[in-house]
Amino acid sequence: MELNSDLMHTASAPAVRVRFCPSPTGTPHVGLIRTALFNWAYARHTGGTFVLRIEDTDPARDSEESVRQLLDALDWLGLDWDEGVGKGGQYGPYRQSERMELYADVAAKLVAGGFAYESYSTPEEVEARHVAGGRDAKTGYDGFDRNLTAEQRAAYRAEGRTPVLRLRMPDEDIEFTDLVRGKVVFPAGSVPDYAIVRASGHPLYTLVNPVDDALMRITHVLRGEDLLSSTPRQIALYRALVELGLAERVPQFGHLPYVMGRGNRKLSKRDPESSLFLLREQGFIPEGLDNYLGLLGWSIGPDRDVFALSEMAERFDIAHVSPNPARFDLDKAKAINAAHIRALDPGDFAERIVPIMHSAGLVSAPTMPALALKERRILTEAAPLIRERTVLLGDVPTQLSFFFTPDDAVPYQDSALASLGGDAAQVLAAAQAVLEAEPADLDAPSLQQVLRAALVDGLGIRPKVAFAPIRVALTGRTVSPPLFESMLILGRPSCQTRLRTLSTHLA
RNA sequence: GCCCCCAUCGUCUAGCGGUCUAGGAUUCCGCCCUUUCACGGCGGCGGCACGGGUUCGAACCCCGUUGGGGGUACCA
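Thresholds, definitions, all that
Residues numbered from 1 in each chain as written. Chains lettered and ligands numbered in written order. Predicted model: local features only at pLDDT ≥ 70, side-chain atom pairs only at ≥ 80, totals over all residues. Heavy atoms only, no water. Axes fitted to C-alpha atoms, helices over the stretch in contact; angles between N-to-C directions. Helix = DSSP H or I, 4+ residues; strand = E, 2+ residues; numbered from the N terminus. Parallel < 35°, antiparallel > 145°, perpendicular 65-115°, else oblique. Left-handed = near helix turned anticlockwise from the far one by under 90°. Contact = heavy atoms within 4.5 Å. Nonpolar A, V, L, I, M, F, W, Y, C, P; charged D, E, K, R; others polar. Buried < 20%, exposed > 50% of the residue type's maximum accessible area, 1.4 Å probe, protein only. Pairing = 2+ DSSP bridges. Right-handed = clockwise from strand over helix to strand, strands pointing away. Near = heavy atom within 4 Å. Polar contact = N/O pair within 3.5 Å; in protein donor to acceptor, adjacent residues only side chain to side chain. Core = buried A, V, L, I, M, F, W, Y, C linked by side-chain atoms within 4.5 Å.

**Some thoughts on the packing of helix 17 (residues 424-437) against helix 22 (residues 492-506)**
Stage number 1. Viewed as axis vectors pointing N to C, helix 17 and helix 22 meet at an angle of 155°, and their least axial separation amounts to 10 Å. As the angle between them shows, helix 17 and helix 22 are arranged roughly antiparallel. The interaxial crossing formed by helix 17 with helix 22 has left-handed handedness. Every residue of helix 22 that contacts helix 17 at A424, L428, A431, Q432, L435 and E436 is listed here: R492, C495, Q496, L499, R500, L502, S503 and L506.
Stage number 2. Residues belonging to the contact of helix 17 with helix 22 are distributed by class as follows: eight nonpolar, three polar and three charged.

**Brief notes about the pairing of strand 10 (residues 252-256)**
The side chains of a regular strand alternate, first on one face of the sheet and then on the other.
Stage number 1. Within strand 10, four of the five residues are buried, leaving the element largely enclosed by the surrounding structure.
Stage number 2. As judged from the five bridges shared by strand 9 (residues 220-224) and strand 10, these two strands associate in the parallel manner. Bridge assignment links L222 to a residue of strand 10, and that residue is G254.
Stage number 3. Crossover handedness for the path strand 9 to helix 8 (residues 231-243) to strand 10: right-handed.

**Quick word on the sheet that holds strand 4 (residues 116-119)**
Stage number 1. Spatial strand order, 4-5-8: three strands in an open sheet with antiparallel pairing. Where the open sheet ends on each side, the last strands, each with one partner, are strand 4 and strand 8 (194-197). On average, each strand axis in the sheet is inclined to that of its neighbour by 45°, with strand direction left out of account.
Stage number 2. Here strand 5 (residues 164-167) pairs with strand 8 via three bridges, running antiparallel. Bridge pairing links R166 to A195 in strand 8.

**Regarding the protein's contact with RNA strand B**
Stage number 1. RNA strand B sits among 59 residues. The nearest are R181, D305, E388, R389 and R471.
Stage number 2. The sugar-phosphate backbone supplies 71% of the atoms of RNA strand B found within 4 Å of the protein.
Stage number 3. One nitrogen or oxygen atom from the side chain of R198 is found 2.5 Å from a phosphate oxygen belonging to RNA strand B.
Stage number 4. Interatomic distance of 2.9 Å between a backbone N/O atom of G297 and a phosphate oxygen of RNA strand B.
Stage number 5. Among the secondary structure elements, those contributing two or more residues to the surface near RNA strand B are strand 5, strand 7 (182-186), strand 12 (326-327), helix 12 (330-343), helix 18 (444-459) and helix 21 (483-490).

**Focus on the nonpolar core**
Stage number 1. Counting 87 residues, the largest nonpolar core has L110, I196, L207, L241, F316, I318 and F328 as its most contacted members.
Stage number 2. When residues of this core are assigned to their parent elements, the largest contribution, nine residues, is made by helix 2 (residues 30-46).
Stage number 3. Look past the residues within four positions of F328 in its chain and what remains in contact with it is V30, V259, M260, L267, E273, L279, Y292, L293, L296 and A333.
Stage number 4. Counting 57 residues, the second-largest nonpolar core is a separate cluster that includes M368, A383, A416 and L499.

Written as structure tokens, this is what we have:
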């Protein structure tokens, strides 16, 4: 019997703690959400803890509205968190705006311990030194202020300068094993001493993010590839925090591939498919989006790509995440979404289409119980008919609108009218005669049978041609849900009026 | 300039040295089913970036090249 390596791992290592730490700027982006999904999946797979922290250190760009949207998004997608904003926990507060004293305290300790220092050089001065030294102007900070004496610092202050705080990068290679990319090495000297606190005293992301991860005892940092090159800086900071007794250990890092848009660019806010809420408005369902996003950099198995969130939690393994960038393909996303819609049970599907039918102005209320009886009946009966024809919930109103139009005012599409052959009038008349003569309680197959007998056998018209005028009469279109089932939902009087109306229209 | 990452059908991926004349999904195109459209079924087009190694054997390991991306801020 083979030992489960995951179990062995969790038995010897501390319990997994991962986090999702968005900045509340703007509406949720699918790249961001994919990161949340993978963190969630890793936490659930390992039985670990999923922490939600809000990185709101930029009052100019952050908004409470954005925080709300973030929570809404996670909630909608079924990505629940165990600790953090809205949940509490022993490492709070979980909003960085409420942790400012903590950062000031840590920064002071870093300086006192010699891990960070005051730097008075302006960017212009640094650049001038590079140029004078024959180096490229874009070379980073040169470490000029590393060993300033107290007298020198006092002199700068006397000039009215206020220093930024920089972390002293160790003069050695920094290497780590990335969970998705393997060993990564940054040569000594390739990462300059970097600013952790502004001259104004405002702490920077470079300080605040690792400090919180350390204080919150995060064990695995799974984040976007864009942060890969800042990892050596964070590791250096972490090591300092460990020496100061503020962190237990350096966490493991895993850098998730980019989610790309058109061309060779990262999916940006400008791309419409990047907005989670826009996708939701179009009629993606959470099951579909979770699944599709899960496919961006991860695979559940060789011959499968439709799965439930719970299966992802069961099978997700960070080691099997692909390191290369994934393009967001709307066609594939739709196909996955359609598969999940088809898998919905009809009652569930019926309930989910109510809000969108309401937005389209076709029904009177946004929820099933609030609907008029007749509306509820139509939606419930029509839902199974269109479920397998629906890729996005947004496709539903056009498919069902004919059920909700007055019988004598069905809007005919020009192309539908144009498609009608010369025998349309004859067909319409024959169909009316059939409805007149036959009992009212026919089921769909029987209805088909009698109409077929009259039109195909009786008039000698091919089925494909024979039923077209009826479809146009009832729906105004050449494409519709199954005809006979639709007739039953409309009811005989409606059908008769609609047949008669088109006859008149054609005459 | 310097540092880092990436490289299998158009796209997402499986592949972790022999089972690969490279599998699945999506898209597109046929055919079947069929009252339309879908669903479903069947079939087709289409790929290991290039060059060197290592090895009996390489899509898989190493090096290089090329191509893409990111970083190099008192942004996050």
